[in-house]
Number of protein chains: 2
Amino acid sequence: MQTPTLRDVADAAGVHPATASRALNPATRGLVNAETAKRVIKVADSLGYRPNPIARGLKTAKSGTVGIVIPDLTNPLFPPILRGIEDVLEPAGYSGLIVSTDNDSDRERTLIESLRSRQVEGLVVATALLDHPLLEQLHREGVRMVMVNRRPRDLDVSSVTPDDALGIELAVRHLVELGHTRIAHLAGPSSTSTGVARAKAFRNAVRDLGLTDEPALARECAAWTEEAGAAALRDLRAAGADFTAVVASNDLIALGCYDVLAECGLHAPDDLSVVGFNGMPFLDKLAPPLTTVTIAHHRLGGEAARLLLEAITEPDRPARSVLLPPTLVVRASTAAPR
Amino acid sequence: MQTPTLRDVADAAGVHPATASRALNPATRGLVNAETAKRVIKVADSLGYRPNPIARGLKTAKSGTVGIVIPDLTNPLFPPILRGIEDVLEPAGYSGLIVSTDNDSDRERTLIESLRSRQVEGLVVATALLDHPLLEQLHREGVRMVMVNRRPRDLDVSSVTPDDALGIELAVRHLVELGHTRIAHLAGPSSTSTGVARAKAFRNAVRDLGLTDEPALARECAAWTEEAGAAALRDLRAAGADFTAVVASNDLIALGCYDVLAECGLHAPDDLSVVGFNGMPFLDKLAPPLTTVTIAHHRLGGEAARLLLEAITEPDRPARSVLLPPTLVVRASTAAPR
DNA sequence: CTGAAAGCGCTAACAG
DNA sequence: CTGTTAGCGCTTTCAG
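- Per an unreviewed UniProt entry, chain A goes by the name LacI family DNA-binding transcriptional regulator and belongs to Nocardioides eburneus.

## Focus on the overall build of chain A
And step 1. Scanning chain A from N- to C-terminus turns up twelve helices and twelve strands.
And step 2. With 338 residues in all, chain A has 52% of them scored as buried.
And step 3. Within chain A, counting contacts between residues at least 6 apart in sequence, those at least 24 apart form 69% of the total.
And step 4. Approximately 14800 Å² of chain A is accessible, and the part contributed by carbon and sulfur atoms is 52%.

## Here's the deal with the interface of chain A and chain B
And step 1. The partner chain B presents 40 residues to the 40 residues of chain A that form the contact.
And step 2. Roughly 3600 Å² is buried in total at the junction of chain A and chain B, and carbon and sulfur atoms are behind 59% of that figure.
And step 3. When the buried surface of chain A facing chain B is broken down by residue, R118, F282 and K285 of chain A rank first, second and third, together holding 19% of it.
And step 4. Counting the contacts that link chain A with chain B gives twelve salt bridges.
And step 5. For E90 of chain B, the salt bridge goes to R107 of chain A, with nearest N and O atoms at 3.0 Å.
And step 6. Linking chain A to chain B there are 15 residue pairs in polar contact (both at pLDDT 80 or more).

## Comments concerning the protein's contact with DNA strand D
And step 1. Surveying the vicinity of DNA strand D reveals 23 residues, the closest of which are H16, T19 and R22 of chain A together with L6 and Y49 of chain B.
And step 2. Atoms of DNA strand D within 4 Å of the protein: sugar and phosphate make up 61%, bases the balance.
And step 3. A distance of 3.1 Å separates a phosphate oxygen of DNA strand D from a polar backbone atom of N52 of chain B.
And step 4. Between DNA strand D and A55 of chain B, the relevant distance is 3.3 Å, taken from a base nitrogen to a main-chain nitrogen or oxygen of the residue.
And step 5. Counting only elements with at least two residues in the surface near DNA strand D, the list comes to α2 (17–24) and α4 (53–60) of chain A together with α2 (17–24) and α4 (53–60) of chain B.
And step 6. Among the elements that take part in the surface near DNA strand D, α4 of chain B stands out by supplying four residues, more than any other.
And step 7. Grouping the constituent residues of the surface near DNA strand D by class yields ten nonpolar, eight polar and five charged.

## Focus on the UniProt feature "domain: HTH lacI-type" (unreviewed entry) in chain A
And step 1. Under the UniProt annotation, the feature "domain: HTH lacI-type" (unreviewed entry) is placed at residues 4–60 of chain A.
And step 2. For residues 4–60 of chain A, the helix share is 67%, the strand share is 0%, and the end-to-end C-alpha distance is 21 Å.

## Some words on the domain arrangement of chain A
And step 1. Under the domain assignment used here, chain A contains domain 1 (6–51), domain 2 (63–162 + 297–324) and domain 3 (164–295).
And step 2. Placing a centre on the C-alpha atoms of domain 1 of chain A and another on those of domain 3 of chain A gives a separation of 62 Å.

## Some points on the protein's contact with DNA strand C
And step 1. The local shell around DNA strand C holds 23 residues, among which L6, S21, Y49 and R56 of chain A together with T19 of chain B are the closest.
And step 2. Within 4 Å of the protein, the contacting atoms of DNA strand C are 63% sugar and phosphate, with bases supplying the remainder.
And step 3. At 2.8 Å, a side-chain N or O of S21 of chain A approaches a phosphate oxygen of DNA strand C.
And step 4. One of the backbone nitrogen or oxygen atoms of N33 of chain B is found 2.8 Å away from a phosphate oxygen of DNA strand C.
And step 5. When contributions to the surface near DNA strand C are tallied by element, the ones reaching two or more residues are α2 and α4 of chain A together with α2 and α4 of chain B.
And step 6. The leading source of residues in the surface near DNA strand C is α4 of chain A, at four residues.
And step 7. For the surface near DNA strand C, the residue count by class is ten nonpolar, eight polar and five charged.

## Describing the packing of helix α8 (residues 164–178) of chain B against helix α9 (residues 193–208) of chain B
Residue and element names in this part refer to chain B.
And step 1. Where α8 contacts α9, the axes come no closer than 8 Å and their chain directions differ by 45°. Considering their axes alone, α8 and α9 lie oblique with respect to each other. Classified by chirality, the crossing of α9 by α8 is right-handed. For the pair α8 and α9, contact is made by D164, A165, I168, E169 and V172 and by T194, A197, R198, A201, F202, A205 and V206, respectively.
And step 2. Partitioned by chemical class, the residues of the contact of α8 with α9 number eight nonpolar, one polar and three charged.

## Describing the relation of the copies chain A and chain B
And step 1. Mapping chain A onto chain B calls for a rotation angle of 180° and an axial translation of 0.1 Å; the resulting RMSD is 0.2 Å. Taken together, the rotation and translation describe the operation of a two-fold axis.
And step 2. Taken as a fraction of all interface residues of chain A, those also at the interface in chain B reach 100%, which identifies the copy contact as same-surface.

## A look at the sheet that holds strand β3 (residues 123–125) of chain A
Residue and element names in this part refer to chain A.
And step 1. In space, the six strands of this open sheet follow the order β2-β1-β3-β4-β5-β11, with parallel pairing throughout. At either margin of the open sheet sits one strand with a lone partner, and together these are β2 (95–100) and β11 (321–324). Taken over all neighbouring pairs, the strand axes of this sheet differ in orientation by 15° on average, direction set aside.
And step 2. Of the strand pairs in this sheet, strand β5 (residues 158–162) and β11 are connected by four bridges, and their pairing is parallel.

## Observations concerning the pairing of strand β9 (residues 273–278) of chain B
For a regular strand, side-chain orientation follows a simple rule: the groups alternate between the two sheet faces.
All names here are of chain B.
And step 1. Counted residue by residue, β9 has six buried out of six residues, so it is predominantly covered.
And step 2. Alignment of strand β8 (residues 245–248) against β9, held across three bridges, turns out to be parallel. Residue pairing across strands places V246 opposite V274, the latter belonging to β9.
And step 3. A crossover connection joins β8 to the parallel β9 through helix α11 (residues 251–263); in handedness this β-α-β unit is right-handed.
And step 4. As paired strands, β9 and strand β10 (residues 291–294) are joined by four bridges and run parallel to one another. Across the sheet, the residue bridging to N278 is T294, located in β10.

## A few points about the pairing of strand β1 (residues 65–70) of chain A
Residue and element names in this part refer to chain A.
And step 1. By the criterion of burial, β1 is predominantly enclosed, with six of the six residues buried.
And step 2. Neither face of β1 is left uncovered, since the one carrying T65, G67 and V69 and the one carrying V66, I68 and I70 both have all their residues buried.
And step 3. Of the strand pairs in this sheet, β1 and β2 are connected by six bridges, and their pairing is parallel. The partner of T65 across the bridge, within β2, is S95.
And step 4. Between the parallel pair β1 and β2, the chain is carried across by helix α5 (residues 78–89), and the sense of this crossover is right-handed.
And step 5. The pairing of β1 with β3 spans three bridges and is classified as parallel. Residue pairing across strands places G67 opposite L123, the latter belonging to β3.

Reading guide: rules and limits
- Residues numbered from 1 in each chain as written.
- Chains lettered and ligands numbered in written order.
- Predicted model: local features only at pLDDT ≥ 70, side-chain atom pairs only at ≥ 80, totals over all residues.
- Heavy atoms only, no water.
- Helix = DSSP H or I, 4+ residues; strand = E, 2+ residues; numbered from the N terminus.
- Buried < 20%, exposed > 50% of the residue type's maximum accessible area, 1.4 Å probe, protein only.
- Contact = heavy atoms within 4.5 Å.
- Areas by Shrake-Rupley, 256 points an atom, 1.4 Å probe, with all protein chains shown as cover.
- Buried area = accessible area lost by both parts, 1.4 Å probe.
- Salt bridge = Lys/Arg side-chain N within 4 Å of Asp/Glu carboxyl O.
- Polar contact = N/O pair within 3.5 Å; in protein donor to acceptor, adjacent residues only side chain to side chain.
- Near = heavy atom within 4 Å.
- Nonpolar A, V, L, I, M, F, W, Y, C, P; charged D, E, K, R; others polar.
- UniProt positions renumbered as here; feature names shortened; annotations may be inferred.
- Domains from an automatic or database assignment.
- Axes fitted to C-alpha atoms, helices over the stretch in contact; angles between N-to-C directions.
- Parallel < 35°, antiparallel > 145°, perpendicular 65-115°, else oblique.
- Left-handed = near helix turned anticlockwise from the far one by under 90°.
- Least-squares fit on C-alpha atoms with pLDDT ≥ 70 in both.
- Pairing = 2+ DSSP bridges.
- Right-handed = clockwise from strand over helix to strand, strands pointing away.

Laid out in structure tokens, this is it:
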């Protein structure tokens with residue numbers, strides 16, 4: 001026998017399917033005689049009945065699902081964000097459909113199309129670029145969405161992002177307090193809000209702390225990756241820049257710095273102090289353990305999910321943006337300059 | 001205007017919805033006049049029509065989705081497996097619904113229930129325990145599934161797992177060739193096939209290579225975690241065991257060994273050679289870089305997805321088990337004993 | 001080759 | 001409080 005339907009339950013309980021439906025749905029149970037409800041429920045679970053949310057969705061135009069759009073699952077930044085999202089979604093009776101765009105905008109378009117055809121009620125988006133036509137279009141079409149980690153410029157959508165300015169300031173202040181005066185910055189791609197915000201925050205922090213802001217000490221990385229970080233640092237060194245510390249725009253870029261140091265037979269922090277950003281796992285096991293600005297990624301995801309659920313239940317609420325405060329975790333990759 | 005339905009397309013093209021349906025579905029397009037089909041298709045995409053897979057699923061009892069059950073997304077072992085799965089699913093027109101059980105069997109039951117109610121056509125399961133009543137029950141109920149990474153004992157289901165025996169043999173042989181004769185093993189939980197298989201393989205390898213198999217040199221870890229690995233190594237040391245190398249049953253357990261060495265002011269490989277298993281990312285950045293047995297996790301996932309699709313399209317095929325060959329990656333955590 | 005009709009499993013009016 | 005009716009969007013007989 002196949003999985004029983006609402007009809008089977010109704011027949012077995014001697015009631016009409018509509019009554020069974022009402023009895024089984026907590027929200028409408030009040031409309032039904034308590035006795036009948038009890039009986040229906042008993043029959044239902046003796047038959048092992050389990051409602052078919054697909055059929056329900058067809059009728060109610062609510063799927064109980066939201067789409068989660070991330071660039072790359074293998075980037076250790078995202079699993080904790082996903083966990084945070086799921087931890088909020090699940091108790092609310094929603095489930096998340098996760099897709100990985102691979103930083104490919106065609107793929108992103110296709111995957112979001114497929115999410116929409118699956119009738120997701122909203123989107124949590126972690127792939128935002130500063131200038132992101134697809135997201136603008138979706139927004140115009142009235143798709144409910146929340147940005148996490150990054151956000152587009154000029155788009156009135158809710159978002160949950162780290163307080164990049166504060167994070168970078170913590171990093172720079174730490175280096176200045178150690179005595180560094182020539183500090184380089186390896187910025188993330190300028191196509192992302194985080195890349196731009198951190199680069200700008202770096203310049204501000206440097207000035208605020210009384211150092212001079214030297215453009216020659218900054219490089220933009222082509223991607224948020226180890227390879228791009230390594231390339232940027234090589235470039236900086238090749239240009240003859242003189243610096244004793246580097247603030248990397250994320251941890252992977254910082255790892256790229258480690259690679260370059262190893263190539264050159266140099267060591268952190270003796271030859272160069274290095275600070276990362278994000279607080280990936282296992283950073284404490286590196287050689288040397290990496291000083292980094294840490295974000296509570298779990299919370300980042302949780303807040304985003306909460307905002308999305310809110311947008312779903314109260315569509316008229318204006319967009320809100322949440323900034324999560326970072327903390328600096330000092331480890332052995334930073335020390336006073338020699 | 002809302003997203004157009006098949007009816008809208010049919011009306012606009014001046015045909016019956018049934019005809020439009022046939023024209024739009026490549027599989028039934030042959031049943032329709034080529035001209036008509038062409039016209040319908042043109043109208044469809046001028047309207048931006050996109051079929052509703054939910055409604056289709058309701059009728060055809062096929063959802064185009066499979067469930068993916070993993071213990072914990074934040075374990076770096078799983079993202080590459082997921083990638084491998086998605087890379088196979090997607091071109092086949094399927095999508096994966098990912099759930100994270102958190103190693104909690106109640107949660108697992110609930111989540112699998114919810115996947116089934118969402119009409120998944122099959123399951124890729126990465127949470128298998130050797131003795132796993134829930135999976136046995138699902139199997140009896142005819143749920144199509146494929147195990148990945150681990151598998152239950154005595155259950156006739158398809159699986160894709162690493163060749164644990166070969167992997168451990170590579171590790172032990174490497175240590176023996178370096179001159180080690182007293183080698184310890186930190187086994188994974190004996191509730192999992194990988195834990196048991198690797199422990200057994202260790203004993204065999206030791207004997208085959210002419211050493212004596214000493215039970216006093218083995219400990220079972222309570223979990224596949226850093227903490228459990230550390231606890232096991234502490235225990236071994238406290239018991240006064242004498243050994244110069246340790247084969248950890250996975251990389252996280254090996255990281256636990258690093259923690260204990262650091263606590264005691266000791267260093268790998270001088271005081272103890274350490275070998276891991278899995279080939280997690282960033283192992284090359286550790287202090288010291290970890291020698292490990294590497295598995296192509298991406299392929300592990302890909303093969304599993306392929307087997308599942310096969311089981312879906314040809315339900316009568318017998319179960320198959322695929323063993324993926326590991327390779328040993330030698331880094332600086334192993335050296336000749338002092 | 002195409003239209004008519006029925007129905008997948010469920011819920012939302014509307015009566016009674 | 002409960003049954004009737006209708007229909008979500010699509011596919012699939014079955015006729016024509």
